[in-house]
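So the chains spell out like this:
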Amino acid sequence: AVRHHPKLLDNFLQMQAKMSMRRKHYANARESFERILTAAHADPVLKLGLQFEYAAALDKCGDRDAAMTVLQAAHAMRRGLVSRSHPALQDSTEAFAVLEQPVPPWNPAVHARDTHTDPVFVVGFPRSGTTLLEQLLDAHPELVSFDEQPFLQHLVRRIGGDGGDVCQRINALTPEQAAAGRAAYFAEVAEVAPGVVSQRAVDKNPLNMVRLPLLQNFFPRSRIILAVRHPCDVVLSCYMQNFRAPAFALTFETLESTAHMYDRVFAHWTVAAEQLQLPVLAWKYEDLIADTEGRSRALFEFLQLPWQDSLLAFTERAKDKGAIKTPSYTQVVEPVNARAVGRWQAYEAYFTPAVMAHLAPWIARFGY
């Protein structure tokens, strides 16, 4: 007799459920996830992923309370896994540690020129539409993008910025050190995007927004696009996402902790932006949805690049591009649509006064 390996059967059923989600057969996906989750699981990581996917199916079926119940259990499970594998993260996260670092100053003394064109940096809070924006930029023949990479973090470490006084190290940089840092950065970029020799790099890594004052000392001719989306939609999306990074796992454990992080990151950005000597374009996700061509034209005008009507087919191009290694893949290969706009309103009852205390100032500041 043929014996079925339980894990292989689970993986098969999970793939069935994923295909049902892709085809928008949400009731079928829900049934498949429920069938898998009633079985015993030896692999807690697999079960954790299934819980988040099951919650997404419940959300699509309109059963919001059930989705939030499943998410609460999933986050508790994830905390247990992270606490065992990364005990040092239980009380603080790497992301919060970055926010505690002083804001580095601008040091014009180190700005040596070389043959490289400075990148376009796409930043913002996770789940703010940065992947969609990246695909639009990548459609331009003079730009080349790559999946999120830690190249800027590597640059921080090269100058000893993780454990030391960042301000002091920036002030002490010599033109030679700055040139060496740039060369190392562009060497890493070239490994994943060989076209960078003839095209300008688009470096999309959302939380690089907390390192921009340091960045400008190495890339003084770069341009920055800050992706903005309704804070409540951002926080809900982060809470519902199964992020792999252990620090994110704890930071996004509840709606309130996620909102707290959002508040901290943008407070840091506001202070840092006062010292920026670089052009910044605030880019609202909802504006792109409402006027795709108008906002796209404004984007390339900011980058001083010629407009091409073919750029409006950027989602089709993203579909042909191959793997996009972010949680937004299934959204960015679809035509631009408004389905994700105002999604949080269906969960408004869960946005308690404690959550809104963190978000209300930013809702007002961004004009929502």
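You'll find the structure just up there.
Let us look at the structure shown here. (Residues numbered from 1 in each chain as written. Predicted model: local features only at pLDDT ≥ 70, side-chain atom pairs only at ≥ 80, totals over all residues. Heavy atoms only, no water.)

Comments concerning the overall build of the protein chain
Alright, step 1. The secondary structure content of the protein chain amounts to 18 helices and five strands.
Alright, step 2. Per-residue burial over the protein chain gives 51% buried out of 368 residues.
Alright, step 3. The long-range fraction of contacts in the protein chain, counting pairs at least 24 apart against all pairs at least 6 apart in sequence, stands at 79%.
Alright, step 4. In the structure as shown, the protein chain presents an accessible area of about 17100 Å², 53% of it carried by carbon and sulfur atoms. (Helix = DSSP H or I, 4+ residues; strand = E, 2+ residues; numbered from the N terminus. Buried < 20%, exposed > 50% of the residue type's maximum accessible area, 1.4 Å probe, protein only. Contact = heavy atoms within 4.5 Å. Areas by Shrake-Rupley, 256 points an atom, 1.4 Å probe, with all protein chains shown as cover.)

Regarding the nonpolar core
Alright, step 1. Ranked by internal contacts, the top residues of the largest apolar core, which has 81 residues, are F125 and F351.
Alright, step 2. For this core, the element with the most residues is helix α3 (residues 44-60), which contributes eight residues.
Alright, step 3. Excluding anything up to four places from it in sequence, F351 contacts C232, V235, L236, L255, W344, M356 and L359.
Alright, step 4. With 22 residues, the next largest nonpolar core counts V120, L143, Y285 and L311 among its residues. (Core = buried A, V, L, I, M, F, W, Y, C linked by side-chain atoms within 4.5 Å.)

Examining the environment of P194
Alright, step 1. Mapping P194 onto the fold places it in the loop between α9 (175-192) and β3 (200-204).
Alright, step 2. For the pair P194 and V144, spaced 50 residues apart in the sequence, the C-alpha separation amounts to 9.1 Å.

Looking at the layout of surface pockets
Alright, step 1. One number sums up the size of the second largest pocket: a volume of about 150 Å³.
Alright, step 2. Lining of the second largest pocket is provided by T115, H116, T117, F186, A190, V196, V197, S198, Q199 and R200.
Alright, step 3. When its residues are assigned to classes, the lining of the second largest pocket shows four nonpolar, five polar and one charged. (1 Å grid on protein atoms, 1.4 Å probe; cavity = no way out; pocket = protein on both sides within 12 Å on 5 of 7 lines; lining within 4 Å. Points joined across faces, edges and corners; volume = space filled by probe spheres on them. Nonpolar A, V, L, I, M, F, W, Y, C, P; charged D, E, K, R; others polar.)

Examining the sheet that holds strand β5 (residues 280-284)
Alright, step 1. Spatial strand order, β2-β3-β1-β4-β5: five strands in an open sheet with parallel pairing. For this open sheet the edge positions go to β2 (143-145) and β5, each flanked by a neighbour on one side alone. The sheet shows a mean angle of 25° between the axes of neighbouring strands, direction not considered.
Alright, step 2. Across five bridges, strand β1 (residues 120-124) lies against strand β4 (residues 223-228) in parallel orientation. Residue pairing across strands places V120 opposite R223, the latter belonging to β4.
Alright, step 3. Packing against the sheet, helix α15 (residues 292-302) makes contact with β2, β4 and β5, and its axis sits at approximately 165° to β5. (Pairing = 2+ DSSP bridges. Axes fitted to C-alpha atoms, helices over the stretch in contact; angles between N-to-C directions.)

Considering the pattern of salt bridges
Alright, step 1. A full pass over the atoms with the stated rule returns 13 salt bridges.
Alright, step 2. One salt bridge in this structure joins E188 and R158, with 3.8 Å as the shortest N-O distance. Note that E188 is positioned in helix α9 and R158 in helix α7 (residues 151-158), a separation of 30 residues in sequence.
Alright, step 3. Residue classification places E188 among the buried positions, given a relative accessible area of 16%.
Alright, step 4. For R158, a relative accessible area of 42% translates into the label partly exposed. (Salt bridge = Lys/Arg side-chain N within 4 Å of Asp/Glu carboxyl O.)

Some details on the packing of aromatic side chains
Alright, step 1. Inspection of the entire model under this criterion finds 17 aromatic pairs.
Alright, step 2. On the basis of an interplanar angle of 55° and a centroid distance of 6.2 Å, the ring pair of F300 and W307 is categorised as tilted.
Alright, step 3. Overall, the relative accessible area of 21% leaves W307 in the partly exposed class.
Alright, step 4. On the numbers, 5.3 Å between centres and 70° between planes, the contact of W344 with F351 is edge-to-face. F351 shares its class with W344; the two are buried.
Alright, step 5. Members of the aromatic cluster, each reached through a chain of ring pairs, are F125, F243, F252, Y262, F266, W362 and F366. (Phe/Tyr/Trp six-rings, centres within 6.5 Å; stacked < 30°, edge-to-face > 60°.)

A closer look at the pairing of β3
Alright, step 1. Counting buried residues in β3 gives five out of five residues, a clear majority hidden from the surface.
Alright, step 2. Neither face of β3 is open: one carries R200, V202 and K204, the other A201 and D203, and all of them are buried.
Alright, step 3. Note that β2 and β3 share three bridges and pair parallel. Bridge pairing in β3 links L143 to R200.

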